[in-house]
Amino acid sequence: MFRFLEGYGVKVLPYHSKRDPRPANVVYGGREVARLMRKDIDRTGVMVRCIQASNPTCFDDLSMWSTYRVLCVHFPQSEARDAIRAFSGIDIAEIKKTAHRLSIGVGGALTKQSAAISIELARAIFFKETAA
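Predicted model only: the values in this text are computed from it and were never measured.

Colleague: So what's going on with the overall build of the chain? Which residues, and what values?
Modeller: The secondary structure content of the chain amounts to seven helices and four strands. Its C-alpha radius of gyration of 14 Å places the chain within 12% of the 14 Å reference for a compact globule of 132 residues. Projected onto the principal axes, the alpha-carbon positions of the chain cover approximately 40 × 35 × 25 Å. Taken across its 132 residues, the chain has 40% of its residues classed as buried. Put simply, 61% of the contacts in the chain that link residues at least 6 apart link residues at least 24 apart. Mean positive and mean negative side-chain charge positions of the chain (20 and 13 charges, respectively) differ by 4 Å.

Colleague: With reference to specific residues and values, describe the pattern of salt bridges.
Modeller: Under the defined criterion, the tally for this structure stands at six salt bridges. As a salt-bridge pair, Glu-32 and Arg-35 come within 2.7 Å of each other at their nearest N and O atoms. With Glu-32 and Arg-35 both in helix 2 (residues 31-39) and three residues apart, the pair spans about one turn of that helix. Residue Glu-32 is classed as buried on the basis of its relative accessible area, which comes to 12%. Residue Arg-35 is classed as partly exposed on the basis of its relative accessible area, which comes to 31%.

Colleague: Before we move on, can you summarise the nonpolar core with the specific residues and values?
Modeller: Residues Leu-5, Met-47, Leu-71, Phe-75, Phe-87 and Leu-121 are the most contacted members of the largest nonpolar core, which totals 32 residues. Every element with two or more residues in this core is listed here: helix 1 (2-6), helix 2, helix 3 (41-54), helix 4 (61-74), helix 5 (80-88), helix 6 (92-103) and helix 7 (113-131). By residue number, the principal contributor to this core is helix 3, which donates five residues. Contacts of Phe-75, omitting those with residues within four sequence positions, involve Val-70, Asp-82, Ala-83, Ala-86, Phe-87 and Ile-125.

Colleague: I'd like to hear about the packing of aromatic side chains, residue by residue, with values.
Modeller: Applying the stated rule across the entire model yields three aromatic pairs. With 5.3 Å between their ring centres and 70° between their planes, Phe-4 and Tyr-8 make a pair best called edge-to-face. When the ring of Trp-65 is compared with that of Tyr-68, the centres are 6.1 Å apart and the planes differ by 15°; the resulting orientation is stacked. Placement of the pair is Trp-65 and Tyr-68 together in helix 4, with a separation of three residues, close to one helical turn. In this structure Trp-65 comes out as partly exposed when scored by relative accessible area, which is 22%. Residue Tyr-68 is classed as buried on the basis of its relative accessible area of 4%. Over the ring of Trp-65 we find Arg-35; its NZ or CZ atom is 4.8 Å from the centre of that ring.

Rules of the game
Residues numbered from 1 in each chain as written. Predicted model: local features only at pLDDT ≥ 70, side-chain atom pairs only at ≥ 80, totals over all residues. Heavy atoms only, no water. Helix = DSSP H or I, 4+ residues; strand = E, 2+ residues; numbered from the N terminus. Rg over C-alpha atoms; globule rule 2.2 N^0.38 Å. Buried < 20%, exposed > 50% of the residue type's maximum accessible area, 1.4 Å probe, protein only. Contact = heavy atoms within 4.5 Å. Lys, Arg positive; Asp, Glu negative; His and termini not counted. Charge placed at Lys NZ, Arg CZ, Asp CG, Glu CD. Salt bridge = Lys/Arg side-chain N within 4 Å of Asp/Glu carboxyl O. Core = buried A, V, L, I, M, F, W, Y, C linked by side-chain atoms within 4.5 Å. Phe/Tyr/Trp six-rings, centres within 6.5 Å; stacked < 30°, edge-to-face > 60°. Lys NZ or Arg CZ within 6 Å of the ring centre and 35° of its normal.

Structural data, given as structure tokens:
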């Protein structure tokens, strides 16, 4: 996993080194990436490049899982460059903030944050495509 991410210019640091704001191209721990690599290593590589094209500070577990899910559902047979191009025009960090505000309120949670982020990502990609 370390070599896999280093090939994309992403560093893996231990959890105890975590700091806010998150630096670009840094994964803390890497357990989520290892889990996604076991599912589909090629799609995990596309996910890394999509996050780098969108906002390289978004290598947290929720953003990676949500991006991976959007790739599975909306780009299953697409070329990697098409998915990367789609993600390059949106900001995952802003979408994550919006999804968090929509999914969690004073009275509780409407849905899981990863599902909300995935839906907001797909909505942003489709609105960008229809506007073009």
